[in-house]
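Below, each chain spelled out in residue letters.
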Amino acid sequence: MVDRMETRDRLAKIVGLSLLSASLPVFSLEAHLESMIVTASPFEKKFGDHPESLSILSAEHLELASHNHIQQALQSVPGVNLARGNGQEYLPSLRSPVLSGAGACGSVLSLEDSIPLRAKGFCNINELFDSHSESARSIEVIRGPAGTLYGSNAMHGVINLISPEVGEREGLPFRGVAIEAGLHDYYRAHVTLDSGLRNSSGVRADLSLTTDGGYRDASGFAQQKIALQHQALFDGVQVRTRLAASNLNQETAGYINGEYAYRERAISRENSNPEAFRDAYSLRLSSQILMDQSEGGQFQLTPYLRKTDMRFLQHYLPGQALEENGQESIGLRGSYLFSWSDDLEVIAGLDAEFTRGYLRELQKNPTEGSDFLRETIPVGKHYDYQVNAYSVAPFTLATWTMTDAWTLYGGVRFESLQYDYNNKMLSGRTAEDGLPCGFGGCRFNRPEDRKDSFHNLSPKLGAAYDFAPDLQFFANIAQGYRAPQAIELYRLQREQTVAELNSEEVSSVELGVRAYKNRLSYEFVTYGMRKRNVIFRDTEYFNQSNGKTSHRGVELALGYAFAQNWRLETSTSYAEHRYRDNRELQGVLLNGNFVDSAPRAFGSYRLQWLPRQEITTELDWLHQGRYYTDPQNQHEYSGHNLLNFRSQWKTDRWTLSARVLNLTNKAYAERADYSGFTGDRYFPGEPRSIYLSASSEW
């Protein structure tokens, strides 16, 4: 088994490197070094002014992709490998394995207009479904630690959705309507109203309505999103205020069980949990205030409010308890840009946030199964607590232009985060009424009221060298972190009464080169990362933070216009993610093993043909390499290859589009996993699906 796996590893490396040397990806020619970005700095700056590995999905790319799940848009970014669940659910992956577990979402920071979708310490594994990605002007992705600017959770990287502004079409009024239909009763409508800019002010509204009957039995969802914004300029002060709300009602289908079950069409449609559901609501209000100073500096202040509530059935656990959680937060991001000298630019800033979060878990029906499960998982409330969180983080970033070719970057952030936990039930391992459970006690353990504090530094040092105006080398050394999430600290089990957790930390080194020429654009990056204090749940159901992992890989994003009206793009990644500590699982030492749910090779390869100026067609090949489905590396998923086809016809006022996903009707798994209780299990991929859309603008 080991020899066969090692041989396949070598073959995967050879294939991956050959693809890297001859293929292409997400960077289109429009995303050249002069492109303006906002994710790598509090202030809008040129793409080439930052040493980070940064990907930009343009409005044109997003319009052609017309994603009905955020995974479909992000799969064209190297290093990003989101694992789609059912409905709008997913598991994140950015220069990392596919992350699972209550607090794993804290490893990748999700933003909208540079404001986190969830508060520090209260992330959700599916939180990108709150964003209004359907109307995004662009998506910017930092691959690798970005803690100096964004702090906790920006450990493996940042995904920032940039919303459209008022009067983007040369300040003129704009109205747009789009409708789309697909198989399994899928329908989507989008409406845009933009007043344009009159006397330097205007308003805009974007509304998206989606309903999906679901490919699988008793599945599907309905989702509504709206974004309202006002933009104005007052005496040199630019103010952009945005209100966004979303609502999701989803009937959820769980795993299908059995080796290769996803290959059987009848089984892949089954849903053994028709009672499962997820309801999620979110509201965000922010106001970005940008002021130019008389001495040449810029001051930016962004206050924001945020509220989320969610209910879902834990259909994947014995007892199927109902979880309710939510948060209300208020925050402020402030930064000041000034020139220390002619060749030294400095940004100094301060972020502050207060959050009140809650979690309740209630089981209504008796647990089914063995005597042990019935005794230790009682009916009634398991948890009911509130956590107040306070965070403050000063930071500074400096850019030193040494010569016309050399630029150095450096910065540091200090962040202090404090939790104030209030248990609203009886403490300990009893049932809700105080009665003890059999077999040594209940599974659920509620800590006494307590306070926990975490203090972290995130330094960064980078350099860029311009060989030519369209060719740049860059290097980056950074450290990222994530504080333990509230759910990891206070949702304890069995004998653990206190979770003595430390912040996860990652150290990263990367080297890269990027070029944007007339017909060829590329970015090639190699990186290595080490993580410490990795939080995991051990075989005793204790939350521990003494894990270590290593991550190293290469990424290529490349686009090549090889003939008139023909273009090839690709994003390719090869990475190895391994355990680097002495943990044992069922008698197997994990040190040196590949982390489960971590394919080494994956990528997206797109061939575009423009037979006429108004017509675009694209053939998209998605490659997912094999990966282990358990930490012991004893079970695996063999991977898959998919073909998608997209076509778009645009006139002055109308756009007609067609998409065929999984063109060859391949049987595959969106996610494969292995459980000691059920064995191999999968989220099956959908068979061939056709979507037709029409939109009009005036």
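Structure first, text after, so check above.
Just so it is clear, the structure is predicted and the values come from calculations on it, not from any experiment.

Q: Can you help me understand the overall build of the chain in this one?
A: Broken down by element type, the chain carries seven helices and 40 strands. Principal-axis analysis of the C-alpha atoms gives the chain an extent of 70 × 55 × 50 Å. Sorting the 698 residues of the chain into buried and exposed places 58% on the buried side. Within the chain, residue pairs in contact and separated by at least 24 positions form 67% of the contacts whose partners lie at least 6 positions apart. Accessible surface, the chain as shown: approximately 28400 Å² in total, 56% of it carbon and sulfur. The averaged location of the 85 negative side-chain charges in the chain is 2 Å from the averaged location of its 71 positive side-chain charges.

Q: So what exactly am I meant to see when it comes to the pairing of strand β27 (residues 520–537) here?
A: Looking down a regular strand, the side chains alternate between one sheet face and the other. Across twelve bridges, strand β26 (residues 504–516) lies against β27 in antiparallel orientation. In the sheet register, E505 faces β27, and the bridge partner there is R532. Where β26 folds back on β27, the antiparallel hairpin that results is connected by three residues. Between β27 and strand β28 (residues 543–563), which follow one another and run antiparallel, lie five residues, and Y541 among them has a positive phi close to 65°.

Q: Mind showing me how you'd approach the state of the cysteines here?
A: Here is the idea: a disulfide is a covalent bond, and it sits between the sulfur atoms of two cysteines. According to the stated counting rule, one finds two disulfides in the structure shown. A disulfide bridge connects C105 with C123, and the sulfur atoms are separated by 1.9 Å. As the torsion about the S-S bond is roughly 65°, the C105-C123 disulfide counts as right-handed. Taken as a pair, C105 in the loop between β5 (90–91) and β6 (108–112) and C123 in the loop between β7 (115–116) and β8 (138–143) lie far apart in primary sequence, 18 residues in all. Per residue, the accessibility class of C105 equals that of C123, and both read buried. The disulfide partner of C437 is C442, and the S-S distance across this bridge is 1.8 Å. Between C437 and C442, the S-S torsion sits near 70°, and that sign places the bridge as right-handed. By sequence order of its bonded cysteines, the chain has the disulfide arrangement 1-2, 3-4.

Q: What exactly am I supposed to notice about the nonpolar core here?
A: Soluble globular proteins: nonpolar side chains tend toward being buried together. If you look at the biggest cluster of nonpolar residues, it comprises 26 residues, and the most contacted ones within it are L74, L128, I139, V141 and I159. Breaking this core down by element, the ones donating at least two residues are α3 (70–74), β5, β8 and β9 (157–162). In terms of residue count, α3 provides more of this core than any other element does, three residues in total. Those residues in contact with V141, other than ones at most four positions away along the chain, are S53, L54, S55, L74, V77, V80, L94, V158 and I159. With 22 residues, the next largest nonpolar core counts I487, L489, L492 and A499 among its residues.

Q: Before we go on, may I ask you to explain the sheet that holds β8 in this structure?
A: Backbone-to-backbone hydrogen bonds pair the strands of a sheet. The strands run either parallel or antiparallel. Strand order in the open sheet formed by five strands is β3-β8-β9-β6-β7, and the pairing between neighbours is mixed. Since the sheet does not close on itself, it has two edges, and those belong to β3 (53–57) and β7, each with one partner. In this sheet, β9 lies alongside β8 in antiparallel orientation, the contact comprising six bridges. Following the sheet pairing, I139 is matched in β9 by L161.

Q: Explain the packing of aromatic side chains to me, please; I cannot follow it from the model alone.
A: Within a pair of aromatic rings, the relevant descriptors are the distance that separates the centres and the angle that separates the planes. Evaluated as defined, the whole model comprises 23 aromatic pairs. Where Y385 meets Y490, the ring centres are 6.3 Å apart and the plane angle is 70°; that geometry is what we call edge-to-face. Of the two residues, Y385 is situated in strand β20 (residues 380–401) and Y490 in helix α7 (residues 486–490); the sequence distance between them amounts to 105 residues. As far as burial versus exposure is concerned, Y385 and Y490 are alike and both buried. Over the ring of Y260 we find R263; its NZ or CZ atom is 4.1 Å from the centre of that ring. In this structure, R514 is placed above the aromatic ring of F474, and the distance from its NZ or CZ to the ring centre is 4.2 Å.

Q: Would you mind showing me how to read the environment of T430 here?
A: Positionally, T430 belongs in the loop between β21 (406–423) and β22 (444–445). Sequence separation of T430 and L590 is 160 residues, and the distance between their C-alpha atoms is 34 Å. Among residues more than four places away in sequence, those in contact with T430 are L435, C442 and R446.

Q: Please explain the pairing of strand β32 (residues 601–612) as it appears in this structure.
A: As judged from the nine bridges shared by strand β29 (residues 566–579) and β32, these two strands associate in the antiparallel manner. Along β32, the bridge assignment pairs T570 with Y605. Here β32 folds back onto strand β33 (residues 615–624), and the loop between the two strands holds two residues.

Q: Is there a simple way to explain the sheet that holds strand β39 (residues 679–684) in this structure?
A: Across the sheet, three strands lie side by side as β15-β39-β38; this open sheet has antiparallel pairing. Strands with a single pairing partner mark the edges of an open sheet, and in this sheet they are β15 (256–257) and β38 (669–675). The pairing of β38 with β39 spans six bridges and is classified as antiparallel. Within the sheet, the bridge partner assigned to D673 lies in β39 and is R681.

Q: Is there a simple way to think about unusual backbone geometry in this case?
A: Excluding glycine, most residues fall at negative phi; most peptide bonds, likewise, are trans. The phi dihedral of D113 is positive, around 55°, even though this residue is not glycine. Note that D113 resides in the loop between β6 and β7.

Q: What exactly am I supposed to notice about the pattern of salt bridges here?
A: Tallied over the entire structure, the rule returns 52 salt bridges. Salt-bridge contacts for E361 lead to R491; the nearest nitrogen and oxygen are separated by 2.3 Å. Residue E361 is found in strand β19 (residues 344–363), and its partner R491 is found in the loop between α7 and β25 (492–493); the two are separated by 130 residues along the sequence. Considered together, E361 and R491 belong to a single accessibility category, that of buried residues. Between R374 and D371 there is a salt bridge; the shortest N-O distance is 2.1 Å. Taken together, the positions of R374 and D371, both in helix α6 (residues 371–376) and three residues apart, correspond to about one turn of that helix. Connected through shared salt-bridge partners, R95, R143, E510, R514, E523 and E555 make up one network.

What counts as what
Residues numbered from 1 in each chain as written. Predicted model: local features only at pLDDT ≥ 70, side-chain atom pairs only at ≥ 80, totals over all residues. Heavy atoms only, no water. Helix = DSSP H or I, 4+ residues; strand = E, 2+ residues; numbered from the N terminus. Buried < 20%, exposed > 50% of the residue type's maximum accessible area, 1.4 Å probe, protein only. Contact = heavy atoms within 4.5 Å. Areas by Shrake-Rupley, 256 points an atom, 1.4 Å probe, with all protein chains shown as cover. Lys, Arg positive; Asp, Glu negative; His and termini not counted. Charge placed at Lys NZ, Arg CZ, Asp CG, Glu CD. Pairing = 2+ DSSP bridges. Disulfide = S-S within 2.5 Å. Core = buried A, V, L, I, M, F, W, Y, C linked by side-chain atoms within 4.5 Å. Phe/Tyr/Trp six-rings, centres within 6.5 Å; stacked < 30°, edge-to-face > 60°. Lys NZ or Arg CZ within 6 Å of the ring centre and 35° of its normal. Salt bridge = Lys/Arg side-chain N within 4 Å of Asp/Glu carboxyl O.

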